[in-house]
Amino acid sequence: MQKYLEELYIPPHITKIKIDIGLSVNAPISHKLLEYEDDVFIFGFEPNIDSIDNIKNGNLKNYNFPVIFNTKNINRLFILPIALDNVTQKKNVLFHKTIIDPGTSSLYKPIDKRLGKYDTTYVEVFSLKHFFDLFDWNRFPYIEWIKIDAQGADLNIIKSAKNYLKERVVYVTLEPENTQYENINHNTIENISDYILSNNFIYINHPNTIDPTYLNKKFIYLKDTVYLCQW
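Residues numbered from 1 in each chain as written. Predicted model: local features only at pLDDT ≥ 70, side-chain atom pairs only at ≥ 80, totals over all residues. Heavy atoms only, no water.

Chemist: Quick question: what am I supposed to make of the environment of Asp 154 here?
Modeler: In this structure, Asp 154 sits in helix H4 (residues 154-159). As for Asp 154 and His 186, which are separated by 32 residues in sequence, their C-alpha atoms are 10.0 Å apart. The contacts of Asp 154, once residues within four sequence positions are left out, are Ile 148, Asp 149, Leu 174, Glu 175 and Asn 187. (Helix = DSSP H or I, 4+ residues; strand = E, 2+ residues; numbered from the N terminus. Contact = heavy atoms within 4.5 Å.)

Chemist: Is there a simple way to think about the sheet that holds strand S7 (residues 143-148) in this case?
Modeler: Overall, mixed pairing links the seven strands, which are arranged S3-S2-S1-S7-S8-S10-S9 in an open sheet. Here the strands that pair on one side only, and so sit at the sheet edges, are strand S3 (77-80) and strand S9 (201-204). Between one strand axis and the next, the sheet turns by 20° as a mean value, whatever way the strands run. Set on the sheet, helix H1 (residues 28-36) makes contact with strand S1 (16-21), strand S2 (40-45), S3 and S7; between it and S2 the angle comes to about 170°. (Pairing = 2+ DSSP bridges. Axes fitted to C-alpha atoms, helices over the stretch in contact; angles between N-to-C directions.)

Chemist: So what exactly am I meant to see when it comes to the side chain of Gln 230 here?
Modeler: Locating Gln 230 in the fold gives a position in the segment after strand S10 (213-216). On the basis of relative accessibility, which here comes to 11%, the residue Gln 230 falls in the buried class. Separated by 2.6 Å, the side chain of Gln 230 and the backbone nitrogen of Ile 210 make a polar contact. Ignoring any residue separated from it by four or fewer positions in sequence, one finds Gln 230 in contact with Ile 29, Trp 145, Thr 173, Asn 208, Thr 209, Ile 210 and Asp 211. (Buried < 20%, exposed > 50% of the residue type's maximum accessible area, 1.4 Å probe, protein only. Polar contact = N/O pair within 3.5 Å; in protein donor to acceptor, adjacent residues only side chain to side chain.)

Chemist: Before we go on, may I ask you to explain the pairing of S10 in this structure?
Modeler: Consecutive side chains of a regular strand alternate in pointing toward one face of the sheet and then the other. Residues of S10 alternate between two faces, with Thr 213 and Leu 215 on one and Tyr 214 and Asn 216 on the opposite face, all of them buried. Pairing of S9 with S10, which is carried by four bridges, proceeds in the antiparallel orientation. Opposite Ile 202, over in S10, you have Leu 215 as the bridge partner.

Chemist: Which parts of the structure should I look at to understand the layout of surface pockets?
Modeler: The gaps left among the atoms become clear once a water-sized probe is rolled over them. Its volume calculated, the largest pocket comes out at about 560 Å³. Mapped by element, the contributors of at least two residues to the lining of the largest pocket are S1, H1 and strand S4 (83-84). Of the residues forming the lining of the largest pocket, the biggest block, three residues, is contributed by H1. Taken together, the residues of the lining of the largest pocket sort by class into 17 nonpolar, eight polar and eight charged. (1 Å grid on protein atoms, 1.4 Å probe; cavity = no way out; pocket = protein on both sides within 12 Å on 5 of 7 lines; lining within 4 Å. Points joined across faces, edges and corners; volume = space filled by probe spheres on them. Nonpolar A, V, L, I, M, F, W, Y, C, P; charged D, E, K, R; others polar.)

Chemist: Where do I start with the packing of aromatic side chains in this structure?
Modeler: The description of an aromatic ring pair uses the distance of the two centres, along with the angle that the planes make with each other. This model, assessed by the stated rule, comprises 17 aromatic pairs. Plain terms: the ring middles of Phe 41 and Phe 43 are 5.2 Å apart, the flat faces sit at 65° to each other, and that makes the pair edge-to-face. For the residue pair Phe 41 and Phe 43, the accessibility class agrees, reading buried in each case. Taking the centre distance of 6.2 Å and the plane angle of 40° together, the rings of Phe 135 and Phe 140 count as tilted. Per residue, the accessibility class of Phe 135 equals that of Phe 140, and both read buried. Ring pairing ties together the aromatic residues Phe 41, Phe 43, Phe 45, Phe 78, Phe 131, Phe 132, Phe 135, Trp 137, Phe 140 and Tyr 164, which thus form one cluster. (Phe/Tyr/Trp six-rings, centres within 6.5 Å; stacked < 30°, edge-to-face > 60°.)

Below, the structure is given as structure tokens:
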């Protein structure tokens with residue numbers, strides 16, 4: 001993990017940190033957050049190197065997606081080209097790169113025919129704890145929002161944060177996808193809610209999110225000061 005952070009530079013005016021896990025082909029959520037707030041910095045996790053190239057260079061000619069990113073914001077989005085999972089040490093894991101929509105790529109094998117064909121490659125996998133162990137908590141005492149859209153790996157990823165979840169995270173939004181890939185029966189809304197609620201969170205019917213969203217009771221005083229936008 002350390003090698004991916006060697007080039008990290010967070011401008012001095014930054015006061016807010018958000019984490020976008022699963023950037024898709026054009027990082028739409030990060031784009032909206034960056035456009036809305038000038039003092040936010042986003043850590044993006046995206047193992048699909050083709051998607052990273054698209055995000056950085058606007059190279060979307062092969063896909064039916066809008067080019068929405070503008071270069072003035074790219075210095076506030078730091079992309080880590082890795083996957084996340086509930087692992088104790090770094091692993092190399094098979095990754096399935098879907099062709100029609102790279103945003104549906106996954107550590108898990110697609111079984112829904114609507115996802116189309118896919119290529120496979122190996123990617124490095126870490127945990128959120130690996131990242132948080134290196135994070136500058138003195139400068140930023142909490143993470144405003146973790147948004148996860150990881151095609152079946154969402155519950156595993158949030159579990160991988162360990163105690164940092166209840167101690168350092170204000171909001172969490174996860175996608176309970178549990179049918180389109182192999183071996184993701186555990187990634188249900190019931191299991192996600194049970195785990196998140198057991199970590200001192202409450203469910204929030206947030207007007208700016210589509211997927212289930214939770215607020216840490218420890219940071220309830222920040223409820224109306226944190227900007228979220230998932231659409």
